[in-house]
Every structure is written in C-alpha cells, then in structure tokens.
Amino acid sequence: METSQTHSSESMSKDLSELMKEATKEVHEQAENTPFMKNFQKGQVSLHEFKLVTASLYFIYSALEEEIERNKNNPVYAPVYFPAELHRKAALEEDLEYFYGSNWREEIPCPEATQKYVERLHYVGKNHPELLVAHAYTRYLGDLSGGQVLKKIAQKALQLPSTGEGLAFFTFDGVSNATKFKQLYRSRMNALEMDLATKKRVLEEAKKAFLLNIQVFEALQELVSKGQENGHPVQPKAELRTRNVNRSYEHGPVPGKESERTNRRHTIMPTTPLVRWILALGFLATTVAVGLFAM
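What you are looking at is a predicted structure, and each value in this text was computed from that prediction instead of being measured.

Undergrad: How should I be thinking about the packing of helix α2 (residues 16-23) against helix α12 (residues 196-226) in this particular structure?
TA: How two helices sit against one another is set out by the angle between their axes and by the gap between those axes. At a minimum axis separation of 9 Å, α2 and α12 run at an interaxial angle of 45°. Accordingly, the angle class assigned to the pair α2 and α12 is oblique. For the element pair α2 and α12, the recorded crossing hand is right-handed. Here α2 contributes Leu16, Leu19, Met20 and Ala23 to the contact with α12, which in turn contributes Lys199, Val202, Leu203, Ala206 and Lys207. Residue composition of the contact of α2 with α12, grouped by class: seven nonpolar, no polar and two charged.

Undergrad: Looking at this structure, I do not really get the side chain of Thr198. What am I missing?
TA: Summarising the element assignment, Thr198 is placed in helix α12. Exposure remark for Thr198: the relative accessible area of 15% places this residue in the buried category. Separated by 2.7 Å, the side chains of Thr198 and Asp195 make a polar contact.

Undergrad: Looking at this model, I keep getting lost on the packing of aromatic side chains. Mind explaining?
TA: Two measures describe an aromatic ring pair: the distance that separates the ring centres and the angle between the ring planes. Counting across every chain of the model gives 12 aromatic pairs. Aromatic pair Tyr58 and Trp104: ring centres 5.1 Å apart, planes at 90°, arrangement edge-to-face. Placement of the pair is Tyr58 in helix α5 (residues 47-70) and Trp104 in helix α8 (residues 104-107), with a sequence separation of 46 residues. The pair Tyr58 / Trp104 is uniform in exposure class, with both members buried. Relative to Phe169, the ring of Tyr61 has its centre 5.7 Å away and its plane inclined at 65°; by these criteria the two rings are edge-to-face. Pair noted here: Tyr61 is in helix α5 and Phe169 is in the loop between α10 (132-157) and α11 (178-190), with a separation of 108 residues, a long-range link. Both residues of the pair, Tyr61 and Phe169, count as buried. Connected via pairs of aromatic rings, a cluster forms that spans Phe50, Tyr61, Tyr98, Phe99, Tyr140, Phe169 and Phe170.

About the thresholds
- Residues numbered from 1 in each chain as written.
- Predicted model: local features only at pLDDT ≥ 70, side-chain atom pairs only at ≥ 80, totals over all residues.
- Heavy atoms only, no water.
- Axes fitted to C-alpha atoms, helices over the stretch in contact; angles between N-to-C directions.
- Helix = DSSP H or I, 4+ residues; strand = E, 2+ residues; numbered from the N terminus.
- Parallel < 35°, antiparallel > 145°, perpendicular 65-115°, else oblique.
- Left-handed = near helix turned anticlockwise from the far one by under 90°.
- Contact = heavy atoms within 4.5 Å.
- Nonpolar A, V, L, I, M, F, W, Y, C, P; charged D, E, K, R; others polar.
- Buried < 20%, exposed > 50% of the residue type's maximum accessible area, 1.4 Å probe, protein only.
- Polar contact = N/O pair within 3.5 Å; in protein donor to acceptor, adjacent residues only side chain to side chain.
- Phe/Tyr/Trp six-rings, centres within 6.5 Å; stacked < 30°, edge-to-face > 60°.

Next comes the structure, spelled out in structure tokens:
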C-alpha cells in the first residue's frame with residue numbers, strides 16, 4: 001500500500017499539463033471517434049454544420065468567460081487570466097451575425113447537451129473555481145494551436161470571404177507568437193499551487209470536459225441528421241448573410257460583388273480530398289478543442 005501511494009505521489013509530481021495529456025488520452029480517442037467528427041474526417045462538412053458548431057461554441061464560451069471573469073482575481077485562476085489574448089465570445093458574436101444576420105440571438109439553437117456543458121461551467125466557476133483551469137486549458141490552447149491553419153483551410157473549403165468574415169473565432173489578434181504564448185500559459189498553469197488531491201480533481205475535470213464535448217457533438221450530429229436548426233427544418237438553400245449588408249448596398253450593388261454574394265448562397269462542401277482531410281483534422285484540433293495539439 002505504501003509503495004503504491006509513493007508511486008502515485010511521484011507520478012503526480014509531473015507538470016500539470018503533462019498529467020492532463022496522460023489522463024485524457026483514452027477519452028480523447030473517444031472524442032475523435034464520435035459520428036459527428038467521423039463525418040468531418042470523411043469530408044462531409046457543410047455550411048449548416050459549421051453554423052451549428054459556431055452556435056454551440058458561443059454558448060460554451062459565454063459561460064466559460066463569465067466564470068473566468070468571476071474568478072479573475074482568485075489565486076486558483078488569476079495566473080492564467082489572459083482575456084485580451086484568449087477570450088472568444090466577442091469573436092463568436094461577429095461570426096454569428098455574419099452567418100445568421102442581426103437577429104442571430106433568436107435564431108441560434110442551444111441543444112440540451114450544450115446546455116449541460118454550460119451548466120457544468122457555471123457550477124465549477126461558482127463552487128469549485130480551482131477546477132476552471134481544466135476547461136480553459138483544453139479549450140483555449142486547442143483552439144489557438146490549430147486556429148490559423150484552420151482559418152485558411154475553412155476559408156477556402158467553405159468559400160468564405162477572403163476578408164475573414166465568419167472566421168473571427170480562429171483569429172487571435174492578441175497573440176503574436178502562438179508557440180511562445182502556449183509555453184507561457186503552460187508555465188503559468190504548471191505553477192498553480194495545488195495539493196495532490198486538488199491536482200487529481202483537476203485531471204478528472206479535464207476528462208469531464210472531453211466527455212461534455214463528445215455529448216455536444218453527438219447532439220449536433222442528431223440535429224444535422226434530422227435536418228433541423230433551432231427546432232425548425234433547414235431550407236435546402238441557406239443564404240449566407242454578410243455583415244452590414246444593408247450599409248454596403250445602400251447606394252446600389254457594387255460592380256463585381258453581386259455574383260460573389262450569389263455564389264455563397266448555398267450549402268457548401270469541400271471539393272478536394274486533401275482539403276477535406278486537413279479541414280477534418282483542423283476541426284478536431286480547434287472546434288472540438290479537446291487538446292489534440294495543445295496537450
């Protein structure tokens with residue numbers, strides 16, 4: 001018994017980031033094999049699915065960042081508080097307005113699984129803030145790691161505007177060097193003071209974050225299979241709205257822009273196997289945000 005406890009203590013003396021990678025390996029593989037993510041790997045990526053993912057991420061990040069703000073001065077989280085560099089809510093609001101229009105708040109769906117994730121984040125932030133780092137780490141560093149690559153690929157595969165509309169989520173303007181920033185974040189996280197029992201609870205919470213992601217994407221897969229969005233059937237052709245469209249055309253159409261806008265008024269599929277494969281990998285790294293690159 002004593003030998004077993006000694007071995008456990010020695011293994012838990014590793015950096016928290018390394019422990020998370022080891023503890024979540026199995027559930028990470030499980031997350032990669034959800035039907036929703038398998039469809040991405042096969043190249044079955046539509047604009048409809050992209051919009052649903054963005055909507056769920058908005059609810060998740062809104063809850064996460066509300067709790068981060070609540071605990072920004074708490075020593076169990078303060079060292080890894082980087083709002084200017086990492087927070088995603090405002091970027092997601094930009095993307096949702098682009099995809100759904102000015103009434104996007106009334107349009108976007110929040111599946112039960114997404115709501116469950118949101119409730120867990122609020123519970124942790126209010127009652128066990130020492131566990132908040134598990135959610136922040138698996139989400140932010142996963143998104144940051146593949147964000148720039150995925151932004152370019154999704155822009156091409158989904159025929160999104162070259163000016164970046166619909167992809168603000170993947171743009172981290174406050175991070176000039178992703179590699180150096182991730183090193184800084186990990187060092188701050190590894191330096192958080194926590195006893196052995198707390199460290200074990202953080203690792204369990206990281207696993208829970210993976211499971212919550214799996215449930216979210218299973219629910220999104222169900223929505224897609226039913227052809228529904230916000231409880232209503234999806235029309236065969238979905239118009240992709242541009243931000244400030246009324247302002248842009250208040251003096252009449254801009255020459256050469258009408259055909260570009262018309263070409264984006266349909267559900268879009270990646271066109272080449274290479275693009276499909278990389279897009280799927282990018283989604284695993286960033287949208288699912290279960291730490292493919294971050295861990």
